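Here's the letter readout for the chains.
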Amino acid sequence: MAEGLRVQDSSVFSKMIKDVDNDSIFRLNHYPPILCNNNNNNKDPSFHANKVGFGEHTDPQILTILKSNDVGGLQVKSQVDDGDHGVWVPVPPHPTAFCVNVGDILQAMTNGRFMSVRHRAMVTNTSKSRMSMAYFGAPPLDTCLTPPIELVTPRKPLLYRPFTWDEYKKASHSLRLGDSRLHLFKAT
Ligand SMILES: O=C(O)CCC(=O)C(=O)O
Ligand SMILES: [Fe+2]
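Read on for an overview of the structure. (Residues numbered from 1 in each chain as written. Chains lettered and ligands numbered in written order. Predicted model: local features only at pLDDT ≥ 70, side-chain atom pairs only at ≥ 80, totals over all residues. Heavy atoms only, no water.)

1. Focus: the pattern of salt bridges
Here's step 1: Evaluation of the coordinates by the stated rule reveals nine salt bridges.
Here's step 2: Across the pair aspartate 104 and arginine 181 runs a salt bridge whose closest N-O atoms are separated by 2.9 Å. Taken as a pair, aspartate 104 in helix 2 (residues 104-109) and arginine 181 in the segment after helix 3 (165-173) lie far apart in primary sequence, 77 residues in all. Both residues of the pair, aspartate 104 and arginine 181, belong to the buried class.
Here's step 3: Among the salt bridges present, the one from aspartate 179 reaches arginine 176, with a minimum N-O distance of 3.9 Å.
Here's step 4: Among the charged side chains, a salt-bridge network with shared partners connects Glu56, Lys77 and Arg118. (Salt bridge = Lys/Arg side-chain N within 4 Å of Asp/Glu carboxyl O. Helix = DSSP H or I, 4+ residues; strand = E, 2+ residues; numbered from the N terminus. Buried < 20%, exposed > 50% of the residue type's maximum accessible area, 1.4 Å probe, protein only.)

Encoded structure:
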């Protein structure tokens, strides 16, 4: 990504994740099937369960590498503008591919060239559990997050003030899952 952005230090993003003190995490999510107490045990083909299993959010870290079993449910929101007019686009499970999401701090570190993606997981299956696993690459807590100088120009001034990953995590604890956290760090 750094090479694609013509950043001289091409390890500027990867070195944060490779650091021995990185704060990366690995999470397993389990979405049990929706059981419904209707009279025909959900065998009615017109019955479509549709519930939010994991609410709309952006991942706060640098990037996420995500994979699920063969049960669908992941959706990403397209074109989020100020009026929040995006539409939900399903991301079907793939047997051999991972889904890679840009996280909030990559958005800050690329000065908005890459945008963190709003996504959610729906539960639509009435018979089979959905399982997903996600690796969230994060820097050490005390890393100062600010874009490389090549990405800050008079035409693209600094969007977010420098902050540490620790500061970002603490600030987001005061917000709800779906709230936008990055705006707390907007440069003035
Ligand atoms: O289960 C999924 O596909 C998405 C999970 C997710 O967004 C997360 O764990 O942050
Ligand atoms: Fe997520």
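2. Here we look at the pairing of strand 4 (residues 74-77)
Every other side chain in a regular strand lies on the same face of the sheet, so the side chains alternate between the two faces.
Here's step 1: The alternating pattern of strand 4 places Leu74 and Val76 on one face and Gln75 and Lys77 on the opposite face, and all of these are buried.
Here's step 2: Of the pairings in the sheet, the one linking strand 4 to strand 7 (residues 119-123) comprises three bridges and is antiparallel in character. Each bridged residue has a counterpart across the sheet, and for leucine 74 the counterpart in strand 7 is alanine 121.
Here's step 3: Of the pairings in the sheet, the one linking strand 4 to strand 5 (residues 88-90) comprises three bridges and is antiparallel in character. By the bridge assignment for strand 5, glutamine 75 is matched with proline 90. (Pairing = 2+ DSSP bridges.)

3. Overview of the coordination of the iron ion (ligand 2)
Here's step 1: Donor atoms from the polypeptide that coordinate the iron ion (ligand 2) comprise His57 (NE2), Asp59 (OD) and His119 (NE2), at 2.1 to 2.2 Å from the metal.
Here's step 2: Each donor residue of the iron ion (ligand 2) belongs to the same chain, with the gaps between them written as H-x1-D-x59-H. Taken together, the positions of histidine 57 in strand 2 (residues 51-57) and histidine 119 in strand 7 put the pair 62 residues apart, joining distant regions of the chain. Each member of the pair, histidine 57 as well as histidine 119, is classed as buried. (Donors = N, O, S within 2.8 Å, 3.2 Å for Na, K, Ca; no water.)

4. Concerning the sheet that holds strand 5
Here's step 1: An order of 2-7-4-5 is seen for the four strands of this open sheet, with the pairing classed as antiparallel. The two strands at the open ends of the sheet, each matched to only one other strand, are strand 2 and strand 5. In this sheet, adjacent strand axes meet at a mean angle of 25° when their direction is disregarded.
Here's step 2: Looking at chain direction, strand 2 and strand 7 are connected through four bridges and run antiparallel. Paired with phenylalanine 54 across the two strands is alanine 121, which belongs to strand 7. (Axes fitted to C-alpha atoms, helices over the stretch in contact; angles between N-to-C directions.)

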